[in-house]
Structure formats: structure tokens, C-alpha cells
Amino acid sequence: MPTIDQERMLNRWWRIEHLYKIQTKIPGLKKLLKLNAIQKKIKEQLMIWSLILILKARQEGVSTFCLIYHLDKTLFSRNYTTVILAHKRDSLKKLFRIIKIAYESCPDSFTFADGRVWNKPKAKYDNVNELYFEESDSRIYVALEVRSDTIHGLHVSEWAHIKDAENALTATLNAVVEGGDVTGETTANGVGGNFYEAWEDAIAGLSDYIALFFGFQDHSDYCDVIEDEEKFKKTLTHEEKKLLGVPNMKLGNIAWRRRKLRDPSRRKKFKQEFPCTAGEAFLTTGHSPPDREKIMDWVIRKPIVTKMEGRLKYWVRPIKDRRYLVSVDCASGAGAEQLDGEGAEGGTDYTSIGVWDCKTLQKVCAFRGKWPYEKVHQIAYRLGMEYNTAYIAIEATDHGLTVINNLVEHVRLDGVSYPHGMIHTTESVDHKSKKLQTKWGWYTNLKTKPLIIDHLAQLIDEEEVKIYDKIAQQEFLRFIIDDKGKYCAMEGYKDDTVMESAIGLYLIPNALRAGRGTASKSELGLDSM
């Protein structure tokens, strides 16, 4: 039975590095946890803060440290409940195994200098993912969600990847007692979601959490030894020179990064796995069809004119003889007429209308609002007439059919109706008669949606699109391909502006041909061919 100084045993940070073992990368080999640089920084913050959010690169030891921290608190407290929240069922056993190895490796007892003996609390295994210490009435367990327990310590693993995080975490966080310890760690999962919003609030000082980011440059394992630094500096690329301006980035990190990128299989996902800034972490994750970094580079401008209580925004006035396209994505739902601020995303979807310059591919005007369906055609008519009798393309789904019908039938007070040749139609084969038929509007379906989204992504990646609206930029950043391969907005967000833009940009060649049968090479961008 080892003898130990009582003061050391009362020191949580000493215990964490001297009592618990972890599994190494070598199968079957376990060793005492020795804090790396990142774990030491987390320790420093845990000595001050009880609510911590951690955004990280992969394999930095953050999860292991947090689990052992919470295990130690549970072992040395009475009437204490700790919950480890996993992001998916497959992770339950993996997380519990880390806890179990640390607990079982802790010595069964210690003798203090004065002869007293400390005995490790005996664990009762209530279930496969829980340790219950009957003597102290404390427990630590791994779960997917908690609703009815009283929690004193909570660790949320891979927070950004929890499905339906809003509901799962609201219930669990509400179960944490006042003053309880909460740590949350995760790799990023796109520009949006529950963790992203919690992170943004913490950065802005709008919550009690402290936000910590650890990039690959913060881990000593991701740093190569350079024999001749001056010689190495002469080989730096422009991108690598910029990276040296990132906090904590060293030449050794650049060398390690360069070595890893020699493997072609690593290049595509390197920034996702090993980001060097929080912004890069969010922007390069989450299966976004377009390049998020390109979207972040958009020049956001204030509109020159706003109307309809801010719903209708103008950035560029009509240019004489220029061809324009008006694209309409009509909201689904109740279609209530109401004014909503930027953050008010509840209720029905928004009707989104964009006016596109067919030559420059810039969105010159936009409407976004919750508006009665029977009145949406009036906005489309007005904008179409204002922008040189623009080509109008309306998505013919849900209430879009109402908008199309009203526009086709609409006659202004002076007797002027909108030219039918400037309203988009779709040709399709009738299933019954097998004859070709023409329908008003654009039809988004399983075949056409990938076409318009891929086209949109290509234009964004080639920096052809010009969108000046901040709200539109946020929607584009939160448009993803989900786990089922579906194009959609991230959970809790909208994609009305994205779909309206995709339809409009895809149909620009149709707009250029409308009324004259063909478009010039210059208008189609082929004048150099």
C-alpha cells in the first residue's frame, strides 16, 4: 500500500496526473495521464470558470482530460451526480471505457503519513454505462439525454454533432444545479446550430460560458523538428507565410502541415480535421455544397433604398436596356403578413424574391418577408416592370401555383398585364397522354434540385455571384447536404433565399433568350470563344 502526503491527495490537479491511467495508441499499453499543453490550458481555466466551451482540432486529448476531471470530482465528492452526454449511441461505450480504465487503474488505497488510510470508493455497476459509489451516494454515467436527474457535473461530448441539440441540451442543462460544472467540447459542424450559437454568445460576452479554441498548432504532436530554420523559411509559400500570423503558429507546425498535405487523401479534409482558427473550423465543416470561405468573402453592403418596412431592399437601380430576371420562392405555411427581425426565424417560411442582373450576376434587389400568398404576385409584377420588364421565374410548388396564376391573370388598373412571354414555363411529358405539355413556373424536384444547387455552387466557387445582403450570406453559410444526402438548411434555419437564388441563376440563359429566341455570345459570357 503506497504512502502519500495528505496535502497532495487533497490536490485535485495532483490526483489527475498521479492516480489515473489512460489507454495509449499502442494496444494494451496504459500509462498515467500527463497533461499536454492544451490540457494544461484547460486546467488553468477550470481553476477559474465552471462553464467552459471548447472548440478543437482532432485528437488533442481534450475529451480524455475532461472525463478524468469529472471522474475525479465524482470520486472525491458526496451525493454528487456527473453526466457525460454522448452525441450518438455508438459513442456511449467508448466514452465510458475511458472512465472505467481511469477508475480501475486508480490504486485501491493509500496510507497517509499519520497512519490513516484512504480507500477508493467501491463501484457498483448499475448498468453498462454507469459507476455508482454507494458509500458516498455519488455516480457518474454516460447518456444521450437526461430529463429527470439532478446533475452536479456535466460534460457534453461533440456538442456540435448532437442531433436535435436544442431539445436534448435544453432538458439536460436545465437539470444542472446552480453553480454546477459544465464542460462542452467538440469539433465544428458548420456555421450554425446550437453549439455555434452558444459559442458566438460566449465570444460576445452574452453568456456565462468562456470559449476556448485549440487549433492543430497548439498540440506538440503536430510540430516537426526543423534542422535549419532559415533555409526552411526561404521555401515558405504565400499561404504558409500568412499562416505564421495565426496565434501560436510555429515553423514546426508549418513543416508538419506540409508533410501531411503530401498525402492526396488528406488534402480535401485537412482544414476540417485540423483547423488553425475558430472561423476556419466552422467554415470548413458541415458538408456545404458551395465553398463557405468564398461566401464569407462576399462584399456586404447597405441597400441604397429600403421599402415595405425593410422587407424590400435595393442595391442597384435598373440600367437601361439591361436584361433582368426576377426569381420567386414562395413560402410554405400560413402566409401571415407580419414584420420579423433578422433573428425572428420562427413560424412560417419566408417568401424570397430576387432581382438578378443577367450580365453581372449580381442580386440588385431583394424582397424577404412573410406575406399573404394572394399578394405576392403584386410584388413580382412591380419589380418585373421596374426592371425593364424582367423575366419572371416562380417556383411552382405549394403556394407558388397561386402566385403564378395570379400573375398570369393580373391586369393593372391601366389595363396592362404582364407579358406572358416573360414568365417562365416548363415543358414536360404528360404521364397519361405521353404528349409534351407546357406548364407555368419552375418545378424543383429530385432531378432538378441537384442541377440548380450544383450550378449555384460552381458559380460561387468561381466567384461569379455578387450578393450584398447579410441575411442571404447567413442562409448560404447554413445550407448543407445532410446525412441522408438531402440539400437543406441546417436544423432550425431557413433556405428560402438559397433556393430562390439557385433557381434564378440557373434560368438566366432562359431570361436572355426570352422574347427574341436566342441570347448573344456576350450575354452568355462566350464572347471570347
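Criteria and thresholds
- Residues numbered from 1 in each chain as written.
- Predicted model: local features only at pLDDT ≥ 70, side-chain atom pairs only at ≥ 80, totals over all residues.
- Heavy atoms only, no water.
- Buried < 20%, exposed > 50% of the residue type's maximum accessible area, 1.4 Å probe, protein only.
- Helix = DSSP H or I, 4+ residues; strand = E, 2+ residues; numbered from the N terminus.
- Arc of directions from axis to C-beta.
- Salt bridge = Lys/Arg side-chain N within 4 Å of Asp/Glu carboxyl O.
- Axes fitted to C-alpha atoms, helices over the stretch in contact; angles between N-to-C directions.
- Parallel < 35°, antiparallel > 145°, perpendicular 65-115°, else oblique.
- Contact = heavy atoms within 4.5 Å.
- Nonpolar A, V, L, I, M, F, W, Y, C, P; charged D, E, K, R; others polar.
- Patch = residues over 30% accessible without salt bridge, like charges linked within 9 Å, V, L, I, M, F, W, Y side chains within 5 Å.
- Areas by Shrake-Rupley, 256 points an atom, 1.4 Å probe, with all protein chains shown as cover.
- Lys, Arg positive; Asp, Glu negative; His and termini not counted.
- Charge placed at Lys NZ, Arg CZ, Asp CG, Glu CD.
- Pairing = 2+ DSSP bridges.
- Phe/Tyr/Trp six-rings, centres within 6.5 Å; stacked < 30°, edge-to-face > 60°.

Trainee: Go over helix α16 (residues 400-409), please, and point to the residues and values.
Mentor: Along α16, the residues that are buried comprise Gly400, Val403, Ile404, Leu407 and Val408. In a view along the axis of α16, the buried residues occupy a sector of 125°, so they form one face of it.

Trainee: Quick rundown of the pattern of salt bridges? Include the residues and the values.
Mentor: Taken as a whole, this structure holds 23 salt bridges when the rule is applied. Arg147 serves as the salt-bridge partner of Glu145, at 2.6 Å between the closest nitrogen and oxygen. Exposure remark for Glu145: the relative accessible area of 34% places this residue in the partly exposed category. Overall, the relative accessible area of 59% leaves Arg147 in the exposed class.

Trainee: Help me get a handle on the packing of helix α18 (residues 470-477) against helix α19 (residues 496-506), residues and values and all.
Mentor: Remark: α18 packs on α19, axes separated minimally by 8 Å, with the N-to-C direction vectors making an angle of 90°. In terms of orientation, α18 and α19 fall into the roughly perpendicular class. Touching Ala472, Glu475 and Phe476 of α18 are Asp496, Thr497, Val498 and Ser501, all from α19. Grouping the amino acids of the contact of α18 with α19 by side-chain chemistry returns three nonpolar, two polar and two charged.

Trainee: I'd like to hear about helix α10 (residues 251-261), residue by residue, with values.
Mentor: The element α10 is largely enclosed, with a buried count of eight among its 11 residues. Three or more residues of α10 are buried, namely Leu251, Gly252, Asn253, Ile254, Ala255, Trp256, Arg257 and Lys260. Of the surrounding elements, those touching the buried residues of α10 are α8 (229-233), α9 (238-243), α11 (264-267) and α12 (270-273).

Trainee: Go over a negative patch on the surface with me, naming the residues and quoting the values.
Mentor: Taken together, the side chains of Asp164, Glu166, Glu197, Glu200, Asp201 and Glu491 define an acidic patch exposed on the protein surface. In terms of residue count, helix α7 (residues 194-203) provides more of the negative patch than any other element does, three residues in total. Within the element layout of this structure, Asp164 appears in the loop between β11 (151-157) and α6 (165-174).

Trainee: Please provide a residue-by-residue account of the side chain of Ser501, values included.
Mentor: Looking at the secondary structure, you find Ser501 in helix α19. Aside from chain neighbours lying at most four places away, what touches Ser501 is Trp356, Lys363, Ile467 and Phe476.

Trainee: Help me get a handle on the sheet that holds strand β5 (residues 81-85), residues and values and all.
Mentor: Taking strand neighbours across the sheet as the criterion, the eight strands line up as β8-β9-β10-β5-β11-β12-β4-β13 in an open arrangement whose pairing is mixed. Strands with a single pairing partner mark the edges of an open sheet, and in this sheet they are β8 (123-124) and β13 (210-214). Sheet analysis places β5 next to strand β10 (residues 138-143), joined by five bridges and oriented parallel. Its bridge partner lying in β10, Ile84 is registered against Val142. Running over the sheet, helix α3 (residues 37-46) touches β4 (51-56), β12 (176-186) and β13 and is turned about 175° from β13. Against the sheet, helix α4 (residues 62-75) touches β4, β5, β9 (130-133), β10, β11 and β12, its axis set at about 155° to β12.

Trainee: Which residues make up the packing of aromatic side chains, and what values do they have?
Mentor: The final tally for this structure, using the stated rule, is 23 aromatic pairs. Their ring planes at 45° and their centres at 5.9 Å tell us that Trp256 and Phe270 sit as a pair that is tilted. One end of the pair, Trp256, is in helix α10; the other, Phe270, is in helix α12, and 14 residues separate them in sequence. Their ring planes at 70° and their centres at 5.6 Å tell us that Tyr381 and Tyr418 sit as a pair that is edge-to-face.

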